[in-house]
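Commentary on secondary and tertiary structure
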Amino acid sequence: AQSVTQPDARVTVSEGASLQLRCKYSYSGTPYLFWYVQYPRQGLQLLLKYYSGDPVVQGVNGFEAEFIKSNSSFHLRKASVHWSDSAVYFCAVRGFNYGNEKITFGAGTKLTIKP
Amino acid sequence: ETAVFQTPNYHVTQVGNEVSFNCKQTLGHDTMYWYKQDSKKLLKIMFSYNNKQLIVNETVPRRFSPQSSDKAHLNLRIKSVEPEDSAVYLCASSRLGEYEQYFGPGTRLTVL
């Protein structure tokens, strides 16, 4: 079975400050990891993905995430947030093996940017 | 424009009615999905479907059924809606052999 834990339901950060959204996953095999963002009244948009190589992966809009296998973590970071980053962020995992197409999403972290 | 499209954006109905939501993808993908997102933003997979296989989440009530005319379309029918069906329904698609899914904007259902 696979699972994702996002321990912070809500995070508030001042505009211009740095950000880290936490994600821990559970999967027995090789994971494929994602971060998605959902803006109000919209669907989910892919921010970044990781399955191998450099454990720090770059995404859109200045976001990056680091895969730490020993800790089963895939935290999302941004050096300087903008008010438009206010949204709900989802971490997700799926199996790397063909035939295991199910993606499991975390509960999401709602990010609020203070002016 | 290539994307995942859903109609309607919103739908309000009464308990016991039948509803149907449409989803179309122009990305050339092989597999399509329906998710339910509740008021707490929790996402639950309902169905995944390609031209060979329908996979149903065993927790989905039987009043829900997917309907596909071709690999670009996957509609969702709810035979007799219940109050707990109020949610946002998200359609997604992916290409066989690739791992990310692309989502539509969702259909918000309110059951009175």
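Quick summary incoming for the structure in this document. (Residues numbered from 1 in each chain as written. Chains lettered and ligands numbered in written order. Predicted model: local features only at pLDDT ≥ 70, side-chain atom pairs only at ≥ 80, totals over all residues. Heavy atoms only, no water.)

1. Quick notes on the packing of aromatic side chains
All names here are of chain B. Let me state the cut-off plainly: Here a pair means two rings of Phe, Tyr or Trp (six-membered ring of Trp) with centres within 6.5 Å. Their orientation is stacked below 30 degrees between planes, edge-to-face above 60, and tilted elsewhere. Secondary structure elements follow DSSP: runs of H or I no shorter than four residues count as helices, runs of E no shorter than two count as strands, and numbering proceeds from the N terminus. Using a 1.4 Å probe on the protein chains alone, a residue whose accessible area is under 20% of its type maximum counts as buried, one over 50% counts as exposed, and one in between counts as partly exposed.
According to the stated counting rule, one finds 16 aromatic pairs over all chains in the structure shown. Aromatic side chains Tyr35 and Phe103 sit 5.4 Å apart centroid to centroid with 45° between the ring planes, which places their arrangement in the tilted category. Remark: Phe103 occurs in strand β10 (residues 102-103) and Tyr35 occurs in strand β4 (residues 31-37); sequence separation between them is 68 residues. The class of Phe103 is buried, set by a relative accessible area of 10%.

2. What about the interface of chain A and chain B?
For clarity, the threshold we go by: Any pair of residues with heavy atoms lying within 4.5 Å of one another is described as a contacting pair. We define a salt bridge as a contact between a side-chain nitrogen of Lys or Arg and a carboxyl oxygen of Asp or Glu at a distance within 4 Å. Definition of a polar contact: a pair of N or O atoms within 3.5 Å, with one able to donate and the other able to accept a hydrogen when the atoms are protein atoms, and with sequence-neighbouring residues admitted only if both atoms are side-chain atoms. Under the grouping applied here, Gly and all other residues not named as nonpolar or charged are polar, the nonpolar ones being Ala, Val, Leu, Ile, Met, Phe, Trp, Tyr, Cys and Pro and the charged ones Asp, Glu, Lys and Arg.
On the side of chain B, 17 residues touch chain A, which itself brings 20 residues to the contact. The tally of links between chain A and chain B comes to one salt bridge. Taking the shortest distance from any N to any O, the salt bridge between A:Lys49 and B:Glu100 comes out at 2.5 Å. The interface formed by chain A and chain B holds three residue pairs in polar contact (both at pLDDT 80 or more) in total. Looking at the side of chain A that touches chain B, the elements with two or more residues in it are β5 (31-38), β6 (44-50), β10 (87-95) and β11 (103-105) of chain A. In terms of residue class, the side of chain A that touches chain B is made up of twelve nonpolar, four polar and four charged.

3. A closer look at the pairing of β4(B)
Residues and elements named next belong to chain B. The cut-off we apply is this: DSSP bridges decide pairing: two strands pair if at least two such bridges lie between them.
With seven of its seven residues buried, β4 lies for the most part within the structure. Neither face of β4 is exposed, since Thr31, Tyr33, Tyr35 and Gln37 on one face and Met32, Trp34 and Lys36 on the opposite face are all buried. Relative to strand β9 (residues 87-94), β4 is paired through seven bridges, and the arrangement is antiparallel. Residue pairing in the sheet places Trp34 in a bridge with Cys91 of β9. Direction of pairing for β4 relative to strand β5 (residues 43-49): antiparallel, over a ladder of six bridges. Counterpart to Tyr33 in the pairing with β5 is Ser48.

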